[in-house]
Amino acid sequence: MQITQDGYTLDLETTVAQPGVIDFRFRILGPDGTAVTEFDPIHDRELHLIVARRELTGFWHVHPRREADGTWTIQLELPEAGAYRVFTDIAPRALGRTITLGADLAIAGQYAPQQVPAVNRSTEVDGYTVTVDGELRAEGDLLTLTVRKDGAPVTDLQPYLAAFGHLVILRAGDLAYVHVHPNGEPGDGITPSGPEISFHTAVPGPGTYRLFLDFQHGDVVRTAAFTLTAE
């Protein structure tokens, strides 16, 4: 993703920080060079901030607070040195559509590069087992993720940001970015609250991809991560 698109720019206050809790601040600059303060909500938020390690071994999906002057602020805990990428999903009101801007963030210190995790279709997080069925394709396909706890299907997933799940897909190497929302909506009368969450997805092309699913159950948001390949 680009730092600048359609006249809008992601302006980080700093691109280098120390490991630990950092006071992360940035602005979205408009075509006139001033900070934008008017955004249309995307799934209950004016801005979605995604932070990922370049090896795709770390992932954060958070929601900063916008100050009156257009500065966004949030405390991020990034405990390990390394190279990170920051993404912002926004819909500037004057633009009338959603765009994603991206910029690099370096966390200083001794850094040992890691391999992208091996391909897997099942993962565990906090006692939950999440599996993924379907394939990643450039022409698009259906991915279905199924959530179980202690072997039993979870049928009472809670809405999180107006959906039963949020899926971010990043390609190893260039960090090509896809952020999709599931089919159906909570309360629409036809979409079940689990155990399956389905997404129509299309990826930019061949490669190894890391998938991050955010879901909420028991009033806690958890993230399940997978690695898949696309031919």
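Worth saying up front: this structure is predicted, and the values here are computed from it rather than measured.

Brief notes about the overall build of the protein chain
Step number 1: A tally of regular secondary structure across the protein chain gives 0 helices and 19 strands.
Step number 2: Over its C-alpha atoms the protein chain spans a radius of gyration of 18 Å, differing by no more than 12% from the 17 Å that the globule rule assigns to 231 residues.
Step number 3: Along the first, second and third principal axes, the C-alpha atoms of the protein chain reach 50 × 45 × 35 Å.
Step number 4: Per-residue burial for the protein chain yields a buried fraction of 48% across its 231 residues.

Notes on the pattern of salt bridges
Step number 1: Under the criterion given, the structure shown has 16 salt bridges.
Step number 2: We note a salt bridge from Arg25 to Glu67, for which the minimum N-O separation is 3.7 Å. Placement of the pair is Arg25 in strand E4 (residues 20–29) and Glu67 in the loop between strand E7 (65–66) and strand E8 (71–78), with a sequence separation of 42 residues.
Step number 3: Owing to a relative accessible area of 22%, Arg25 belongs among the partly exposed residues under this scheme.
Step number 4: Of the charged contacts, one joins Asp150 and Lys149 as a salt bridge, the two residues approaching to 3.5 Å between their closest N and O atoms.
Step number 5: Of the residues examined, Asp150 reaches a relative accessible area of 67% and is grouped as exposed.
Step number 6: Its relative accessible area of 31% is what places Lys149 among the partly exposed residues.

Description of the sheet that holds strand E15 (residues 166–171)
Step number 1: Judged by pairing direction, the sheet is antiparallel, and its 4 strands sit side by side in the order E16-E15-E18-E19 without closing on themselves. Among the strands making up the open sheet, the edge pair consists of strand E16 (177–180) and strand E19 (220–230). When strand polarity is set aside, the average angle formed by the axes of neighbouring strands in this sheet is 15 degrees.
Step number 2: Where E15 and E16 come together, 4 bridges link them in antiparallel fashion. Across the sheet, residue Val168 finds its bridge partner in E16, namely His179.

Here we look at the pairing of E4
Step number 1: Looking at chain direction, strand E2 (residues 8–12) and E4 are connected through 4 bridges and run antiparallel. Within E4, the position partnered with Leu10 by the bridge is Ile28.
Step number 2: Inspection of the sheet shows E4 paired to E8 by 8 bridges, in the antiparallel sense. Its bridge partner being in E8, Gly20 is matched across the sheet by Leu78.

Topic: the side chain of Arg53
Step number 1: Relative to the elements of secondary structure, Arg53 occurs in strand E5 (residues 47–53).
Step number 2: Exposure remark for Arg53: the relative accessible area of 2% places this residue in the buried category.
Step number 3: A polar atom in the side chain of Arg53 sits 3.4 Å from the backbone oxygen of Ala81.
Step number 4: Ignoring sequence-local partners within four residues, the contact set of Arg53 consists of Gly58, Trp60, Glu80, Ala81, Gly82, Ala83, Tyr84, Tyr111 and Gln114.

Brief notes about the pairing of strand E10 (residues 99–107)
Step number 1: Counting buried positions along E10 gives 7 out of 9 residues, so the element sits mostly inside the fold.
Step number 2: Relative to E10, strand E3 (residues 16–17) runs parallel, the two sharing 2 bridges. Opposite Val16, over in E10, you have Ala106 as the bridge partner.
Step number 3: Where strand E9 (residues 82–90) meets E10, 9 bridges bridge the pair, whose relative direction is antiparallel.

Describing the packing of aromatic side chains
Step number 1: If you walk through the whole model with that rule in mind, you get 7 aromatic pairs.
Step number 2: When the centroid spacing of 5.7 Å and the interplanar angle of 70 degrees are considered together, the rings of Phe39 and Trp72 count as edge-to-face. Of this pair, Phe39 sits in the loop between E4 and E5 while Trp72 sits in strand E8; the two residues are 33 residues apart in sequence, bridging distant segments of the chain. Side by side, Phe39 and Trp72 carry an identical accessibility label, which is buried.
Step number 3: Between Phe87 and Tyr177, the ring centres sit 4.5 Å apart and the planes meet at 20 degrees, which makes this aromatic pair stacked.

The rules behind each value
- Starting afresh in each chain, residues are numbered from 1 along the sequence in its written order.
- It should be noted that, the model being predicted, local features are given only for residues of pLDDT at least 70 and side-chain atom pairs only at 80 or more, the latter also being counted only at that level, while totals for whole chains, interfaces and linings use all residues.
- Water and hydrogen atoms play no part in the side-chain values, which are based on all heavy atoms of the structure.
- By definition, any uninterrupted DSSP run of H or I lasting at least four residues is a helix, any uninterrupted run of E lasting at least two residues is a strand, and each is numbered from the N terminus.
- C-alpha atoms define the radius of gyration, and 2.2 Å times the number of residues to the power 0.38 defines the globule rule.
- Exposed residues in this analysis have more than 50% of their type's maximum accessible area, buried residues have under 20%, and partly exposed residues fall in between, with area computed by a 1.4 Å probe over protein chains only.
- By definition here, a salt bridge exists when the distance from a side-chain nitrogen of Lys or Arg to a carboxyl oxygen of Asp or Glu is within 4 Å.
- At least two DSSP bridges between two strands are needed for those strands to be called paired.
- A fitted line through C-alpha atoms serves as each axis, taken over the contacting stretch for helices, and the angle formed by two N-to-C directions is quoted from 0 to 180°.
- What qualifies as a polar contact is a pair of N or O atoms within 3.5 Å, subject to a donor-acceptor requirement within protein and to the restriction that residues adjacent in sequence count only when both atoms come from side chains.
- We call two residues in contact when some of their heavy atoms are within 4.5 Å.
- Centres within 6.5 Å are what make two rings of Phe, Tyr or Trp a pair, Trp counting through its six-membered ring; a difference in plane orientation under 30 degrees is then read as stacked, over 60 as edge-to-face, and the rest as tilted.

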